[in-house]
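# Architecture and fold: a report
One-letter residues, chain by chain:
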Amino acid sequence: MPSKTLFYPSPRHLSSLYAGHEENLALVERALDVRLITRDEWLKVEGSTEAIARTETLFGYLNEARNQGVALRSPDFQRLVDTFARGRADEVAALFGEPLVITTNRKSIVPKTLGQKLYLQSIQKNPIVFGIGPAGTGKTYLAMAAAVSALLKNQVQRIVLTRPAVEAGEALGFLPGDLREKILPYLRPLYDALHDMLDPDDVARLAEKNVIEIAPLAYMRGRTLSHSFIVLDEAQNTTPEQMMMFLTRLGDDSRMVVTGDVTQVDLPRSKQSGLIEVSRILGNIAGIDFHYFGGADVVRHPLVLRIIEAYEQYENPMTSTPAST
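Values in this document were obtained by computation on a predicted structure and should not be read as measured data. (Residues numbered from 1 in each chain as written. Predicted model: local features only at pLDDT ≥ 70, side-chain atom pairs only at ≥ 80, totals over all residues. Heavy atoms only, no water.)

Here the focus is the pattern of salt bridges. Going through the model one piece at a time under the given rule, you end up with 10 salt bridges. In this structure, Asp199 and Arg106 form a salt bridge, with 3.7 Å as the shortest nitrogen-oxygen distance. Of this pair, Asp199 sits in the loop between helix 8 (179-197) and helix 9 (200-208) while Arg106 sits in the loop between strand 4 (102-103) and strand 5 (108-109); the two residues are 93 residues apart in sequence, bridging distant segments of the chain. Exposure remark for Arg106: the relative accessible area of 46% places this residue in the partly exposed category. Each of Arg35, Lys44 and Glu46 takes part in salt bridges that share partners, so that together they form one network. (Salt bridge = Lys/Arg side-chain N within 4 Å of Asp/Glu carboxyl O. Helix = DSSP H or I, 4+ residues; strand = E, 2+ residues; numbered from the N terminus. Buried < 20%, exposed > 50% of the residue type's maximum accessible area, 1.4 Å probe, protein only.)

This is the structure in structure tokens:
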């Protein structure tokens, strides 16, 4: 039987290509009709000449993903193998054909999961993108990085960052300070991310010139936002009316990214979330893309993923799998 042995720099390097799980190699064997044997830093592929060539090409793409800084999780790996096995190798090639690096003044940002890269590619292609998923997936941080990069490249003239100011257990009226001081805590996460990408002096200067605007969602009413990159964060706390109001602010040469977690709605029970409703209304419109993150895209502390899985199991005991140990 024909065979070919592929060599890699180290056992750890090779293991990272299949997300460190032997069952993923079994998936490749079934999907591409080959037999795989791995030991130390090498992978032996047995099968027909055509099957060996396809498997070598697949692992070439996986290796390119690793070299680009993308950490593949099992769901990523399984999605790629399935795509490849269905004769859509060109899609995998396009995904990893070249690195995707978001440059800002303070750092270069590289997507860490396949989901993150697909999300950033969608932002580059579509005027309106929805990033929906749990905490820790980078949906807001990457949107803001894309906005800062677009501004630095003169692709847009300003950045508008906004959030709904919705109480999460404490009424605004009982918080100390004037209106600005009451609203600032809701916008603080946006400021924190911004300072991670730009020097503090630049943030202050651009904010003073209104090139960067951070404001509550209510301040968007009645405006047309042209030549802008607009990010709406915590969109699960918008009402359907607020969501429509926001989306219709889109002006010439502008882009919008809407992010949120539909499991973290802080609206009163009597109010529907605009983020939940909007996918049913705009799901089939060209130029609008919905990107859904899952637990495999969580890039915070490993415990964050286990917390998310535990809550999913608690809320859906019949359909969820237990949190990994």
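This next bit is on the sheet that holds strand 1 (residues 3-7). Taking strand neighbours across the sheet as the criterion, the 3 strands line up as 1-3-2 in an open arrangement whose pairing is antiparallel. Each end of this open sheet is capped by a strand with a single partner; those strands are strand 1 and strand 2 (35-39). The sheet shows a mean angle of 20° between the axes of neighbouring strands, direction not considered. The pairing of strand 2 with strand 3 (residues 42-46) spans 5 bridges and is antiparallel. The partner of Ile37 across the bridge, within strand 3, is Lys44. This element, helix 3 (residues 49-67), spans strand 1, strand 2 and strand 3 of the sheet and lies at about 10° to strand 1. (Pairing = 2+ DSSP bridges. Axes fitted to C-alpha atoms, helices over the stretch in contact; angles between N-to-C directions. Contact = heavy atoms within 4.5 Å.)

This part takes up the pairing of strand 8 (residues 212-216). In terms of burial, strand 8 is largely enclosed, as 5 of its 5 residues are buried. With 5 bridges joining them, strand 7 (residues 158-163) and strand 8 adopt parallel strand pairing. Note on strand 8: the bridge partner recorded for Arg163 is Pro216.

Strand pairing within a sheet occurs via backbone hydrogen bonds; the two strands may be parallel or antiparallel. Spatial ordering of the open sheet is given by 8-7-9-10-6-11, a layout of 6 strands whose pairing is parallel. Bordering the open sheet on either side are strand 8 and strand 11 (288-292), each of which pairs with just one other strand. Mean inter-strand twist for the sheet, computed between neighbouring axes without regard to direction, equals 15°. Bridge count for strand 7 against strand 9 (residues 228-232) is 5 bridges, and the pairing is parallel.

Here we take up helix 10 (residues 240-247). Of all the positions in helix 10, only Pro240, Met243, Met245, Phe246 and Leu247 are classed as buried. At its buried positions, helix 10 is contacted by strand 6 (128-132), strand 7, strand 9, strand 10 (255-260) and helix 11 (274-282).

Looking now at the layout of surface pockets. Computed from the structure, the largest pocket encloses a volume of approximately 1,100 Å³. Around the largest pocket, the lining is made up of 46 residues, and of these Pro134, Ala135, Gly136, Thr137 and Lys139 lie nearest the centre. Secondary structure elements with two or more residues in the lining of the largest pocket: strand 5, helix 7 (139-152), helix 8, strand 10 and helix 12 (302-315). Residue composition of the lining of the largest pocket, by class: 19 nonpolar, 15 polar and 12 charged. (1 Å grid on protein atoms, 1.4 Å probe; cavity = no way out; pocket = protein on both sides within 12 Å on 5 of 7 lines; lining within 4 Å. Points joined across faces, edges and corners; volume = space filled by probe spheres on them. Nonpolar A, V, L, I, M, F, W, Y, C, P; charged D, E, K, R; others polar.)

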